[in-house]
Amino acid sequence: MEGSLKDAVREYALGLPGAWEDHPWGESAMKVGKKVFAFLGVPGTGFGMGVKLPESSGALLSMPFARPAGYGLGRSGWVEMTFTEDDADAPPLDLLLECVEESYRAVAPKTLVKELDARAE
């Protein structure tokens, strides 16, 4: 299901300094420079996302919708989440946006992170 949660996460991700969208393997990937900071799934197939969470992956992995990302990425702090927007276990939007921002901060150049911090002030 394409819907408001996915749209809100995508819009937030694209609003981060230097962020842009790519479509490797048909999947929607949010990038900064050449580095991916969020995978948002294949358009038209529901909502799932993958993010790099060096600080909060342990806490998120205790939730029913989260698991370590495949292809060995879980060892580097990547977490994969799958749910539907009407799923009782779907996380709140604020949590998803926090995950996107943590992942962005983990891969973005320091100059762009400083720009993001300046926006918050």
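Throughout this document, residue positions are counted from 1 along each chain, in the order its sequence is written. With pLDDT at 70 or above as the cut-off, local features in this predicted model cover only qualifying residues; side-chain atom pairs require 80 or more to be listed or tallied, and sums for whole chains, interfaces and linings still use all residues. Derived side-chain values reflect all non-hydrogen atoms in the structure, with water molecules and hydrogen atoms excluded from consideration.

Student: Run through the nonpolar core, naming residues and quoting values.
Tutor: Counting 31 residues, the largest nonpolar core has Phe-37, Met-49 and Met-81 as the members making the most contacts within it. Per-element tally for this core: the top contributor is helix α3 (residues 93-107), with six residues. Residues contacting Met-81, with those up to four places away along its chain left out, are Gly-48, Met-49, Val-51, Leu-60, Phe-65, Ala-66, Leu-96 and Cys-99. For the purposes of this section, nonpolar cores are sets of buried Ala, Val, Leu, Ile, Met, Phe, Trp, Tyr and Cys residues that join through side-chain atoms within 4.5 Å. Exposed residues in this analysis have more than 50% of their type's maximum accessible area, buried residues have under 20%, and partly exposed residues fall in between, with area computed by a 1.4 Å probe over protein chains only. Listed in part, the five residues of the second largest apolar core include Ala-29, Val-36, Ala-69 and Trp-78. Runs of H or I in DSSP of at least four residues are treated as helices and runs of E of at least two as strands, each being numbered from the N terminus. Contact definition: two residues touch when any of their heavy atoms are within 4.5 Å.

Student: Got a sec to walk through unusual backbone geometry? Specific residues and values, please.
Tutor: Most peptide bonds take the trans form, and the phi angle of most residues other than glycine is negative. Positive phi outside glycine occurs at Trp-25, with the angle close to 55°. Along the chain, Trp-25 falls in the loop between β1 (19-22) and β2 (29-32). Classification of Trp-25 by relative accessible area gives exposed; the value is 72%.

Student: Help me get a handle on the environment of Leu-97, residues and values and all.
Tutor: Looking at the element boundaries, Leu-97 is found in helix α3. Counting along the chain gives 89 residues from Leu-97 to Ala-8, while the straight-line C-alpha distance between them is 8.6 Å. Those residues in contact with Leu-97 that sit more than four places away from it in its chain are Ala-8, Val-9 and Tyr-12.

Student: Tell me about the pattern of salt bridges, residues and numbers included.
Tutor: Within this document, salt bridges are pairs made up of a side-chain nitrogen of Lys or Arg and a carboxyl oxygen of Asp or Glu, the two lying within 4 Å of each other. By the definition in use, this model includes six salt bridges. The partner of Glu-80 in a salt bridge is Arg-67, and the shortest N-O contact between them spans 2.6 Å. Of this pair, Glu-80 sits in strand β6 (residues 78-83) while Arg-67 sits in strand β5 (residues 66-68), and the two are 13 residues apart along the sequence. Ionic pairing is found between Glu-101 and Arg-105, a salt bridge with its closest N-O pair at 3.0 Å. Highlighted residues: Glu-101 and Arg-105, both in helix α3, separated by four residues, approximately one helical turn. Taken together, the shared-partner salt bridges connect Glu-101, Arg-105 and Asp-117 into one network.

Student: Residue-level account of the packing of aromatic side chains, with values.
Tutor: Think of a pair of aromatic rings as described by two things: how far the centres are apart, and how the planes are tilted against each other in angle. Ring pairs shown here join Phe, Tyr and Trp side chains whose ring centres sit within 6.5 Å, with only the six-membered ring taken for Trp; geometry is labelled stacked below 30 degrees between planes, edge-to-face above 60, and tilted in between. Taken as a whole, this structure holds three aromatic pairs when the rule is applied. With a centroid separation of 5.8 Å and an interplanar angle of 50°, the aromatic rings of Phe-39 and Trp-78 are classed as tilted. One end of the pair, Phe-39, is in strand β3 (residues 35-39); the other, Trp-78, is in strand β6, and 39 residues separate them in sequence. Grouping residues by exposure puts Phe-39 and Trp-78 together as buried. An aromatic cluster of at least three residues, connected via ring pairs, comprises Trp-25, Phe-39 and Trp-78.

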